[in-house]
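Next come the chains, spelled out residue by residue.
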Amino acid sequence: MLRYVCTCHYLKKKNILLVYEKFCAMAQDNGYYFFKYCMDHKMEEKMGYHIYYVITRDSMDREKLEPYEDHVIDYMSTKHICYAMAAKLYVSTETKMHIYPLRRKGSILFHFTKRAKNLFLQHGVLGLKRVEDDLGRGKRGGADAFLTSGEYEKKIVLRYLEYSEKEIVNTGLARWDALVDKSDTCREILVMPTWRDWLDDATDDIFMESDYYKYYALLLQSQRLATILEKNDLVMNFYLHPKFKDYIGNFQTTSNRIHLVVFGEEPLNEMIMRCKLLITDYSSVCWDAYYMYKPVMFFQFDTQDYLAVRGAYMDLEKDLFGPNAKTVEDLLDHLEQEIENGFVLAEEYVARHKDYFVYEDSQHCARICDYILKRKW
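None of these values were measured; they are calculated from a predicted model.

The rules behind these values
- Residues numbered from 1 in each chain as written.
- Predicted model: local features only at pLDDT ≥ 70, side-chain atom pairs only at ≥ 80, totals over all residues.
- Heavy atoms only, no water.
- Buried < 20%, exposed > 50% of the residue type's maximum accessible area, 1.4 Å probe, protein only.
- Helix = DSSP H or I, 4+ residues; strand = E, 2+ residues; numbered from the N terminus.
- Pairing = 2+ DSSP bridges.
- Disulfide = S-S within 2.5 Å.
- Axes fitted to C-alpha atoms, helices over the stretch in contact; angles between N-to-C directions.
- Parallel < 35°, antiparallel > 145°, perpendicular 65-115°, else oblique.
- Contact = heavy atoms within 4.5 Å.
- Nonpolar A, V, L, I, M, F, W, Y, C, P; charged D, E, K, R; others polar.
- Expected span 1.5 Å × (residues − 1).

A. Spatial organisation of the pairing of strand 2 (residues 50–55). Judged by how many residues are buried, strand 2 sits mostly within the fold: five of six residues are covered. In this sheet, strand 2 lies alongside strand 1 (residues 16–20) in parallel orientation, the contact comprising four bridges. Within strand 2, the residue paired with I16 across the bridge is H50.

B. Looking closely at the state of the cysteines. Evaluation of the coordinates by the stated rule reveals zero disulfides. Free cysteine: C24, not disulfide-bonded; nearest cysteine sulfur from C82 at 15 Å. Judged by its relative accessible area of 0%, C24 falls in the buried class. The cysteine C365 is free of any disulfide, with C369 supplying the nearest cysteine sulfur at 6.8 Å.

C. Inspection of the packing of helix 10 (residues 223–231) against helix 14 (residues 328–340) at higher detail. Packing of helix 10 against helix 14 brings their axes to within 11 Å, and their N-to-C directions diverge by 10 degrees. Here helix 10 lies roughly parallel to helix 14, going by the angle between them. For the pair formed by helix 10 and helix 14, the contact residues are R224, L225 and I228 on the first element and E329, L332, D333, L335, E336 and I339 on the second. Taken together, the residues of the contact of helix 10 with helix 14 sort by class into five nonpolar, no polar and four charged.

D. Main features of the pairing of strand 8 (residues 188–191). Covered by surrounding structure in strand 8 are E188 and L190 together with I189 and V191, the residues of both alternating faces. Direction of pairing for strand 8 relative to strand 9 (residues 235–239): parallel, over a ladder of four bridges. Of the residues in strand 9, the one forming a bridge with V191 is F238.

E. Fine view of helix 16 (residues 364–375). Look at helix 16: 17 Å from first C-alpha to last across 12 residues, which is about the 16 Å you get at 1.5 Å a residue. All of the buried residues in helix 16 are H364, C365, A366, R367, I368, C369, Y371 and I372. K376, located one to two residues past helix 16, shows a positive phi value of around 55 degrees.

Spelled out as structure tokens, the structure:
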């Protein structure tokens, strides 16, 4: 605190912009790609900000930031605390709660972070999870501006999260600038389910009694699935959401064509770019695959419970952009159909693509920078 008092006048004049991702421990999402764009295109001078990335010293992604080391700040260092207090703008995939342990009783940073503006880059497109209680305007996790991918999502943010037209901008996600379809030379299927609120912090015993575990365990141990993969020379990557990463050891498979991917083993966006098809339940990762016109299959065996506890903005019967299976056998029926169709996105979903995405280019980061300049924070 003393250091900040001594340097606050100087730091405030620096016009500091801090970029960060989940718990300041990652550099693989929209925050990283926005920061990388700013560094590579010398946006500090153009935008009038001194831009820094905040990350833990031991992050598995730290190596990716080495080319920009002068603009990287160690999480919970003295410099981090001082810069977080003096920053004019946070640009992040998460709420302000991730820049510092603000829930800690008596946090000295709470007052200062309230003053900083927050541009929410998003972690994924809204639609399959209700988040207004966490991210709504005026909520503790709310932001000063909210980026969206198209008119469909913008209407959600207007209606349910109660942001104004001025506070919402259709730019698309920063990480989409780096998306390249690499599936031509790969024979991979990606399975990535999201978490369940009612299983947060569950013991292994409770987790293994859940429908969530039982349905995915049945899939991974299915002899029919193993035969399908072998017959069609395919590999399946099973990747649990980071919130459930500690449960990966509970899953088993008898096929050497099914890989249980440990969180952090490889970047998620690389697996999405390589896959020919994505299987998920309610994860927003489906939008990244759909953005690249890749077929998506939904495995929603617990819709009633999910809607009761978490809820969705989309109509899960009408608005999805892929087949929706309720059982393992139904899912495998759909999988065989997708294989037969050559993993080509069905025409009905191609036609809907423009309803969800306003841009299909590599200028998402540029539009975000333009918006920051326009707002003149």
